[in-house]
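In case you want the letters, here they are:
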Amino acid sequence: MQLIDTHTHLDFPDFDADRDAVLAQARARGVNRLVVLGVYLDNWQRLWELVQRHDGLYAAFGLHPVYLERHRPEHLHALRDWLGRLHGQDKLCAVGEFGLDYYLGDLDRQRQQALFEAQLQLAEAFELPVLLHVRRAHAPTIAALKRFRLRRAGIIHAFAGSHEEAREYLKLGFKLGLGGAPTWPRARRLRQVITRLPLDAVVLETDSPDMAPSMHPDGRNSPVHLPDICSNLAELFGVSAEQLATASSRNAARVFGWQDPA
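Notes on the structure in this doc start here. (Residues numbered from 1 in each chain as written. Predicted model: local features only at pLDDT ≥ 70, side-chain atom pairs only at ≥ 80, totals over all residues. Heavy atoms only, no water.)

1. A word on the environment of Phe-15
And step 1. Position of Phe-15 relative to the elements: it lies in the loop between β1 (3-8) and α1 (19-28).
And step 2. Its relative accessible area of 0% is what places Phe-15 among the buried residues.
And step 3. Counting along the chain gives 96 residues from Phe-15 to Arg-111, while the straight-line C-alpha distance between them is 31 Å.
And step 4. Excluding anything up to four places from it in sequence, Phe-15 contacts His-9, Leu-10, Val-22, Ser-208, Pro-209, Arg-220, Asn-221, Ser-222 and Pro-223. (Helix = DSSP H or I, 4+ residues; strand = E, 2+ residues; numbered from the N terminus. Buried < 20%, exposed > 50% of the residue type's maximum accessible area, 1.4 Å probe, protein only. Contact = heavy atoms within 4.5 Å.)

2. Some thoughts on the pairing of β1
And step 1. A large share of β1 lies buried, amounting to six of its six residues.
And step 2. Pairing analysis gives four bridges linking β1 to strand β2 (residues 31-37), with the strands arranged parallel. Of the residues in β2, the one forming a bridge with Asp-5 is Leu-34.
And step 3. This β-α-β element, β1 to α1 to β2, shows right-handed connectivity. (Pairing = 2+ DSSP bridges. Right-handed = clockwise from strand over helix to strand, strands pointing away.)

3. Looking at the state of the cysteines
And step 1. In the structure shown here, the tally under the stated rule is zero disulfides.
And step 2. With no disulfide of its own, Cys-93 lies closest to Cys-230 among cysteine sulfurs, the gap being 20 Å.
And step 3. When its relative accessible area of 2% is taken as the criterion, Cys-93 is described as buried. (Disulfide = S-S within 2.5 Å.)

This is the structure:
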């Protein structure tokens, strides 16, 4: 079984003590490509150095809405500079993580929207896919994406919306990222939505070190857990784990423009 972890924060300090061992274990379990996402200016350099050191690691850079108070107007200029300087390099695969978060009530929605749209413009300018954070904000996200109509679309990370919202994203060319959340039996509504999705709609992710799956409930999430997430979700789709892994890897390769999903 060959897998791509389309969303991980392997650069976070949570992995400082054993990052190389985690990567080795993940590869031994068939996780042969991992996308590591930047969330604010100060972690981009660390992230880029990490992906440069290891085969199979790829970088995305963005300004995450949860860190809204850390972002400054000049950080958008810095993001443009980073994307311009690295444009065309194999290790740069997307703009992200960015988006809208209406779950946290203290995040100014107007500022979020402006930051969101500015990064959509950058993605379009550099012809890169986007990796989007969307929490309780599907309606404004879909509305913005309909206005921008990105040529390369991207992934809705940790999708937890309705079937109707899923259909809207799919019509716009997006894939839906599935990770630990739907492995929990209590996520009944999300699990029901997943059963109605076609295999060509989804990609697999961990969001490690966060969003631990039900089979590893305690402690840090890890790319090592992706095969277990795949096996659990394959049951919802009514297919084998190998079939879901193949479909997810093929879908991810198409998003990122990789010729060979393996």
